[in-house]
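# An overview of the molecular structure
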Amino acid sequence: SRLPPEVNRILYVRNLPFKISPEELYEIFGKYGAVYQIRLGDRSKDTRGTAFVVYEDIYDAKRAVDHLSGFNVGGRYLVVMYYQPAKFERRADAEEKKKELEELRRQVALKKAQIAARGES
């Protein structure tokens with residue numbers, strides 16, 4: 001049978017308990033097939049509670065998405081989706097542009113303060 005184009009071996013998992021171990025993730029996701037790799041997010045605000053799970057077989061990944069989306073782990077309901085690089089790149093670009101804009105605003109505010117200080121002296 002033909003799979004939708006977004007289906008791939010790499011899954012992105014959100015809403016994980018912050019204290020979950022890689023071993024626990026292997027136990028949960030390994031029930032649906034051979035797991036090639038798991039990358040657990042670090043403690044930073046952006047990546048904690050997330051993981052990438054890579055299956056050896058695309059059909060195992062599909063079964064995991066079908067069965068584990070909404071699965072309760074440690075009182076949290078998992079969000080399991082296929083990794084889509086283009087979507088992640090767009091998000092990273094947007095965050096980078098936001099930081100650039102904040103830096104420009106800071107510089108403008110600093111210039112205004114310098115001009116105001118010169119005018120008062």
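Preceding block: the structure.
These remarks concern the structure in this document. What you are looking at is a predicted structure, and each value in this text was computed from that prediction instead of being measured.

### Some thoughts on the environment of Ala-109
- Locating Ala-109 in the fold gives a position in helix H3 (residues 85-120).
- What makes Ala-109 partly exposed here is its relative accessible area of 47%.
- As a C-alpha pair, Ala-109 and Lys-99 span 10 residues in sequence and 15 Å in three-dimensional space.

### Points about helix H1 (residues 22-29)
- Turning to H1, its buried residues are Leu-25, Ile-28 and Phe-29. The arc that holds every buried residue of H1, seen down its axis, measures 85°, which confines them to one face. Summarising the geometry of H1, the exposed residues directed more than 90 degrees from the buried face are Glu-23 and Glu-27.
- Contacts made by the buried residues of H1 are with strand S1 (10-14), strand S2 (35-40), strand S3 (51-55), helix H2 (58-68), strand S4 (72-73) and strand S6 (79-82).

### A closer look at the nonpolar core
- Counting 22 residues, the largest nonpolar core has Leu-11, Phe-29, Val-53, Tyr-55 and Val-80 as the members making the most contacts within it.
- Elements that contribute at least two residues to this core include exactly S1, H1, S2, S3, H2 and S6.
- At four residues, H2 tops the list of elements feeding residues into this core.
- If sequence neighbours within four positions are ignored, Leu-11 has contacts with Phe-29, Ala-51, Phe-52, Val-53, Tyr-55, Ala-61, Ala-64, Val-65, Val-80, Met-81, Tyr-82 and Tyr-83.

### Some points on a positive patch on the surface
- There is a patch of like positive charges on the surface, built from Lys-19, Arg-43, Lys-45, Arg-48 and Lys-98.
- The topology assignment puts Arg-48 in the loop between S2 and S3.
- With a relative accessible area of 39%, Arg-48 lands in the partly exposed category.

### Remarks on the pairing of S6
- Side chains Val-80 and Tyr-82 of S6 all project onto a buried face; the interleaved residues Val-79 and Met-81 project onto a face where none is buried.
- Across four bridges, S1 lies against S6 in antiparallel orientation. In the sheet register, Val-13 faces S6, and the bridge partner there is Val-80.

### What about the side chain of Asp-60?
- Position of Asp-60 relative to the elements: it lies in helix H2.
- A relative accessible area of 13% places Asp-60 in the buried class.
- A polar contact of 2.5 Å, which involves the side chain of Asp-60, links it to the side chain of Arg-63.
- Setting aside residues no more than four positions away along its own chain, Asp-60 makes contact with Tyr-32, Gly-33, Ala-34 and Tyr-55.

### Observations regarding the sheet that holds S1
- In spatial order, the strands read S2-S3-S1-S6; together these four strands make up an open sheet with antiparallel pairing. With one partner strand each, in any of the chains shown, S2 and S6 form the two edges of the open sheet. The average undirected angle you get between the axes of adjacent strands in this sheet is 20°.
- Running at roughly 140° to S2, H1 makes contact with S1, S2, S3 and S6 of the sheet.

What counts as what
Residues numbered from 1 in each chain as written. Predicted model: local features only at pLDDT ≥ 70, side-chain atom pairs only at ≥ 80, totals over all residues. Heavy atoms only, no water. Helix = DSSP H or I, 4+ residues; strand = E, 2+ residues; numbered from the N terminus. Buried < 20%, exposed > 50% of the residue type's maximum accessible area, 1.4 Å probe, protein only. Arc of directions from axis to C-beta. Contact = heavy atoms within 4.5 Å. Core = buried A, V, L, I, M, F, W, Y, C linked by side-chain atoms within 4.5 Å. Patch = residues over 30% accessible without salt bridge, like charges linked within 9 Å, V, L, I, M, F, W, Y side chains within 5 Å. Areas by Shrake-Rupley, 256 points an atom, 1.4 Å probe, with all protein chains shown as cover. Salt bridge = Lys/Arg side-chain N within 4 Å of Asp/Glu carboxyl O. Lys, Arg positive; Asp, Glu negative; His and termini not counted. Charge placed at Lys NZ, Arg CZ, Asp CG, Glu CD. Pairing = 2+ DSSP bridges. Polar contact = N/O pair within 3.5 Å; in protein donor to acceptor, adjacent residues only side chain to side chain. Axes fitted to C-alpha atoms, helices over the stretch in contact; angles between N-to-C directions.

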